[in-house]
Amino acid sequence: MKHLRTVDDVMTHAVISVDTGAQFKDIVESMRQWRISALPVLSGDGRVAGVVSEADLLLKAQGMDESRAVTAGRLMTVPAVTVAKDATIAGAARLMARGHLKRLPVVDNDGRLVGVVSRGDLLKIYLRPDEDIGAELRELLMAHLIPAGSAEVHVHVANGIVYLHGTVPDPAVQDMLVRVARTVPGVVDVTAQLDVEVSA
């Protein structure tokens, strides 16, 4: 299974969007047709100018007799909250949580729309097989973090939970191993039973 580390790895590339001149009725029809509650609004050069949501339509269109003349450019929320395609999955999750958002437009380095990422997309990392998580973690811990001969650590992964047991040279190494294990994509939790081996 592909390592899922960045937004680009999990986002949906086919995106439904509207331009700033889109009419009220067309926006509503797009939302109904594609069963989505918000649409990115694009400027003429493909950059994300804002986002128009069902809430925007209901709130800002109240009292407007000529709703057909109301465009996405007038209705949209600005500035749009977007995420870079090379952002980490954890970073995108924090951004969504802070803004209480269900979806985020994904942009390239020039601010142009390249996809959309949802909460469900971000959860894909937790479908990663335990064997893959264990193999990556063993390589990480043994090859890069534990000096040869200074520790003996065994890794077991079940349902995304990492179990570390063995011996380490000092408590600082134990703390570091747990922190590193938590950074591996797909890890739900880490349990460590590591004894500190006192040098003679």
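Quantities reported herein were computed from a predicted structural model and do not represent experimental measurements.

Q: Hey, could you run me through the overall build of the protein in this one?
A: From N to C terminus, the protein includes 8 helices and 9 strands. Counting only residues that meet the buried cut, the protein has 36% of its 200 residues in that class. With an accessible surface of roughly 11500 Å², the protein has 53% of that area assigned to carbon and sulfur atoms.

Q: How do you make sense of the pairing of strand β8 (residues 161–168) when you look at a structure like this?
A: For a regular strand, the rule is simple: side chains alternate between the two faces of the sheet. The alternating pattern of β8 places V162, L164, G166 and V168 on a buried face, while none of I161, Y163, H165 and T167, on the opposite face, is buried. Sheet topology places strand β7 (residues 152–158) next to β8; 7 bridges connect them, and they run antiparallel. Bridged to V155 within β8 is L164. Between the end of β7 and the start of β8, which pair antiparallel, lie 2 residues, with N159 showing a positive phi angle near 55 degrees. Here β8 runs beside strand β9 (residues 189–196); their pairing, made up of 8 bridges, is parallel. Residue pairing for β9: V168 is matched across the bridge by V196. Handedness of the crossover joining β8 and β9 through helix α8 (residues 171–182): right-handed.

Q: Help me out: how do you make sense of a nonpolar patch on the surface in this one?
A: A cluster of nonpolar side chains, L123, Y126 and V188, forms an exposed patch at the surface whose accessible area comes to about 310 Å². Exposure remark for Y126: the relative accessible area of 42% places this residue in the partly exposed category.

Q: Which parts of the structure should I look at to understand the sheet that holds β9?
A: Pairing between sheet strands relies on hydrogen bonds along the backbone, with the strands arranged either parallel or antiparallel. Spatially, 3 strands are ordered β7-β8-β9 in an open sheet, and the strand pairing comes out mixed. Lying at the two open borders of the sheet, with one neighbouring strand each, are β7 and β9. Each adjacent strand pair in this sheet contributes to an overall mean axis angle of 10 degrees, direction not counted. Contacts between α8 and the sheet are confined to β7, β8 and β9, with β9 contributing the most and set at about 160 degrees to the helix.

Q: Teacher, can you tell me more about unusual backbone geometry here?
A: In terms of backbone geometry, most residues other than glycine have negative phi values and most peptide bonds are trans. Here the residue pair V78 and P79 is connected by a cis peptide bond, since its omega of -10 degrees sits within 30 degrees of zero. Turning to its location among the elements, P79 is positioned in the loop between α4 (72–75) and β4 (83–84). One non-glycine residue with positive phi stands out, namely R35, at about 55 degrees. Note that R35 resides in the loop between α2 (24–34) and β2 (38–42). For N159, which is not a glycine, the phi torsion comes out positive at approximately 55 degrees. You can see N159 is positioned in the loop between β7 and β8. In this structure N159 comes out as exposed when scored by relative accessible area, which is 70%.

Here is what the cut-offs are and how they apply
- Residues numbered from 1 in each chain as written.
- Predicted model: local features only at pLDDT ≥ 70, side-chain atom pairs only at ≥ 80, totals over all residues.
- Heavy atoms only, no water.
- Helix = DSSP H or I, 4+ residues; strand = E, 2+ residues; numbered from the N terminus.
- Buried < 20%, exposed > 50% of the residue type's maximum accessible area, 1.4 Å probe, protein only.
- Areas by Shrake-Rupley, 256 points an atom, 1.4 Å probe, with all protein chains shown as cover.
- Pairing = 2+ DSSP bridges.
- Right-handed = clockwise from strand over helix to strand, strands pointing away.
- Patch = residues over 30% accessible without salt bridge, like charges linked within 9 Å, V, L, I, M, F, W, Y side chains within 5 Å.
- Salt bridge = Lys/Arg side-chain N within 4 Å of Asp/Glu carboxyl O.
- Axes fitted to C-alpha atoms, helices over the stretch in contact; angles between N-to-C directions.
- Contact = heavy atoms within 4.5 Å.

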